[in-house]
Amino acid sequence: MAEGLKRTLGKPGFDPEDYAREIAQKSDGDRDLLEHRQRVQNLQDDTSLALKKNVYQNYMQFIETAKEISYVESEMYQLSHILTDQKTIMNSMMQMSITDKEETPKEKDTPKEKEDKKKNLSTLLEKVEGCSHVTEVPGRYLVHSGGLVELDPDSNTQIQRVHTFLMNDSLMVASWIASRRGPVHYKFQALYELDSLAVVNIRDAGPMKNSFKVLVFPDCRVFQAESPKAKREWLDSLDQAKKSKAAADSQKKEAQVKDDAAGDSFDRNNPFADNDEEDQELPLQSAEEMLRVDWIQELPEDLDVCIAQRDFEGAVDLIDKCNEYLEEVPQSPALKEYRARVDQRIKHLTEVLQHELQGLQGGPKAARRAVLQLIKLGKSTQACDLFLRNRTMAIKRSLRQLKMEGSTTLYVNKLCYVFFTTMLEVGREFQKDFSSNNGCCSAFVVWAKTELETFVGMFARQVFSSKTSLSMVAECVEMAQHNCDKLCEIGLDLTFALHSLLVKDVRRAMHDGRDQIVEAVRHRSMEEKWRAYNLLTPQACRELVKEMEDLGLSSFKSLMYDDCWIKLTPNTITYTRQLLQFVDQCLKLYQPELHMVLVENVMMIVRCVGKQMETALTAKEYTKSHPFIIKNASFVFETVVQRVERRFQEHVGKPAKQFQELRTDYAKLRSLARTPTTEL
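Before going into details, it helps to say that this report is about the structure given with it. (Residues numbered from 1 in each chain as written. Predicted model: local features only at pLDDT ≥ 70, side-chain atom pairs only at ≥ 80, totals over all residues. Heavy atoms only, no water.)

Before going further, it helps to examine the overall build of the chain. The number of helices and strands found in the chain is 22 helices and eleven strands. Looking at the chain as a whole, 40% of its 680 residues are labelled buried. In the chain, 67% of the contacts between residues at least 6 apart in sequence involve partners at least 24 apart. Working note: accessible area of the chain is about 40,800 Å², and carbon and sulfur atoms make up 51% of it. (Helix = DSSP H or I, 4+ residues; strand = E, 2+ residues; numbered from the N terminus. Buried < 20%, exposed > 50% of the residue type's maximum accessible area, 1.4 Å probe, protein only. Contact = heavy atoms within 4.5 Å. Areas by Shrake-Rupley, 256 points an atom, 1.4 Å probe, with all protein chains shown as cover.)

Along strand β4 (residues 170-176), six of the seven residues are buried, which leaves the element largely enclosed by surrounding structure. In this structure, strand β3 (residues 158-167) lies alongside β4, joined through five bridges in antiparallel fashion. Bridging across to β4, F165 finds its partner in M172. Hairpin connection between β3 and β4: a loop of two residues separates the two successive antiparallel strands. Strand direction decides the pairing type here: β4 and strand β5 (residues 186-193), joined by seven bridges, are antiparallel. From the neighbouring strand, W176 faces β5, where its bridge partner is Y186. (Pairing = 2+ DSSP bridges.)

A word on the pairing of strand β2 (residues 142-151). Along a regular strand, successive side chains alternate from one face of the sheet to the other. Here nine bridges tie β2 to β3, and the two strands are oriented antiparallel to one another. Following the sheet pairing, S145 is matched in β3 by F165. Between β2 and β3, which pair antiparallel one after the other, the connecting turn spans six residues, and N156 there sits at a positive phi close to 60 degrees. The pairing of β2 with strand β8 (residues 219-224) spans three bridges and is antiparallel. If you follow E150 over to β8, its bridge partner there is F223.

A word on the sheet that holds strand β10 (residues 560-561). Strands sit in the order β9-β11-β10 across an open sheet of three strands; the sheet is antiparallel. Among the strands making up the open sheet, the edge pair consists of β9 (533-534) and β10. The pairing of β10 with strand β11 (residues 565-566) spans two bridges and is antiparallel. Note on β11: the bridge partner recorded for M560 is I566.

Outside of glycine, negative phi angles account for most residues, and trans bonds account for most peptide bonds. Phi at N156 is positive, roughly 60 degrees, even though this residue is not glycine. Relative to the helices and strands, N156 is located in the loop between β2 and β3. Even without a glycine there, the phi angle at R310 is positive, about 60 degrees. Along the polypeptide, R310 turns up in the loop between α9 (294-308) and α10 (312-326).

Quick look at the structure:
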């Protein structure tokens, strides 16, 4: 089955949408779709593993090829120098005269020359930014320097201007700072050891003129000189520096071996030496001796192999083991030089792990490997930042895949579920990965607040539109609050932040709902006849009574008479229904900042109804209807307002004293009645 699926997905012209549609039509339910999805996921994992294995093999071939190129390049330069030497000897023999004086061999550098070399290296600090660690290595001096242009190895296009500095043991590359004033014109970019690089001459072809390639695993950089002469100077200087470095290392090892042998011989032949093994202390090893251990010498190359094979755990373990060993090594120039070599590998490993996090796709657990290794390397801040950036991209991808299908509430429900569930998973993974780095918790809180702002932006565009009713707004906001409460499981409460981001839109939605009811009251008031409501059938009357009881008006049944009549006007019942529903919806949206907004909106609606009744009481044509009008006013200002007050206190926990002002309005209406109120 896996092979068939692999062949299907690998066909030329494969259309994923048609394939998904076909699978959905053939499936019997969600279970079949989930099983098929799992098979596709397994195939993806197998393919990814196979690709990784191929990458590892290519890395190994790259290493071997680079070594072979270095060997061939070295042999070519040896042949070139042999021919040059032979030509020089022949010219000298032809021009030699009997009276020529014998030249004295070149002596070692005088103290003045050493001081000049040291002075030349110190000038780097004045020209290059961030290279202080380069000049601190004892015995290092500048051999050659010059400006070059770096080219892209694939497209042969110009990348940047650089200035390279060749020293007796390494090659430093600095980038050009175009807009900098003062003596500093370059910024440190990279430092390569001569032992670990290979130089390859590139034949002139097309735009690739006066160019040469520097191979430093796993990088490959191409530089272009300004002229053939400058290129030849660079190639000769690099070759001579590599040979001098190799010869110096060889002489140093031979001298150390001779010193060790002479010391052992002296100890054996010394008649005054203490032969008591119990009291004899082992001599302290020098830094050079401790750094000549085989695994220490091979560690930089082992780190390169681990990075190439993406064995990040093995690389970090080697670094930890090396750091523990180097703590016992006495401080010396050799130790400083060795640490510089290891630090270069650590920097490269950090860059690889950071790149791994930047391009990683999947759930939060997929990033755990790279994050943990960065933390072990002491890069917890970078790990935290890259982990959260990676999760930001994952959240954006997840939300972008949601499609607006069906009602707004259905889309908002999926939007809230995807966002807050992802945030919950990220929080749990963050607690596991950064459990020992409490300083990163504040970064997570700031990140969560930023992501919430992005979510609220998408949420508001869908919910708070002119076509959305207040009931739908209340339902959607309630969904968001319910899903936001899930974050309390990881100790993160964003409810206050969610409310503060929504308060402006919620206030506007409340005002819009209020304005719609007020407009309806004013429109219906022109058609009001102030007559009792006849529902025609007892069944319709009973349904209305049940509806009002569900809204909290338990005494509404007392207003019914003659099976199908209500002692209120149809408009009064409509206003009552709209007002109580408006209060329930606003209480779902309630926030302390909106307390007075809700109270003022309710009072405005009730007073608008009261204004309609006041107009009727002052009109001559409704003089006989005053008792009935006052009956409707009593229902609105006493029964309905009392229900609003109870509902408000149940939800908020305290009474709204502003509602007491409505009783004064009701007393004013009663004073306008010209006949005493009577029961119908």
